[in-house]
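Architecture at a glance
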Amino acid sequence: EHAGDHGTATRATRAMAGTHPPALEGRPEVNLETPNLKWLHVDPPVLIVDDFISDAECDEILRLTTAQPPADAGRIIQLESRSYAD
């Protein structure tokens, strides 16, 4: 929901409240105590974790995903860009 008005903001706050927030009901369990966890959107719930992996780990993932896969690799998912938060 977009918190453009007080009523919407209040509903969003309630949906994200507590250790078992209603917005996550019926979804995979999320440890809301995870450091750097932020809610981006309530419905559908979108959460991010800043600094989830280090720059070195990110570089290694990018290196692995841009290398030519072996012929017997099966299904391949290729990353084409990198996202930075300011």
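Quick caveat: nothing in here was measured; it's all calculated off a predicted structure.

What counts, and at which threshold
Residues numbered from 1 in each chain as written. Predicted model: local features only at pLDDT ≥ 70, side-chain atom pairs only at ≥ 80, totals over all residues. Heavy atoms only, no water. Pairing = 2+ DSSP bridges. Helix = DSSP H or I, 4+ residues; strand = E, 2+ residues; numbered from the N terminus. Buried < 20%, exposed > 50% of the residue type's maximum accessible area, 1.4 Å probe, protein only. Arc of directions from axis to C-beta. pLDDT = per-residue confidence, 0-100. Salt bridge = Lys/Arg side-chain N within 4 Å of Asp/Glu carboxyl O.

A separate point is the pairing of strand β2 (residues 46–49). Here strand β1 (residues 37–41) runs beside β2; their pairing, made up of four bridges, is antiparallel. Its bridge partner being in β2, Leu37 is matched across the sheet by Val49.

This part is about helix α1 (residues 6–15). Inspection of α1 places Thr8, Ala12 and Ala15 among the buried residues, and these make up the whole buried set. Down the axis of α1, the sector holding all buried residues measures 60°, keeping them to one side. Set apart from the buried face of α1 by more than 90 degrees, the exposed residues are His6, Thr13 and Arg14.

On to the confidence of the model for the chain. Per-residue pLDDT for the chain averages 80, and the proportion of residues at 70 or more is 81%. Taking the mean pLDDT of every element in the chain, the minimum, 79, falls on α1 and the maximum, 90, on β2.

Another point: the pattern of salt bridges. Side chains that differ in sign of charge can pair as their charged atoms come close. According to the stated counting rule, one finds two salt bridges in the structure shown. With its nearest N and O atoms 2.7 Å apart, the salt bridge here joins Glu60 to Arg63. Linking Glu60 with Arg63, this pair stays in helix α2 (residues 55–66), spanning three residues, or about one helical turn. Residue Arg63 is classed as partly exposed on the basis of its relative accessible area of 46%.

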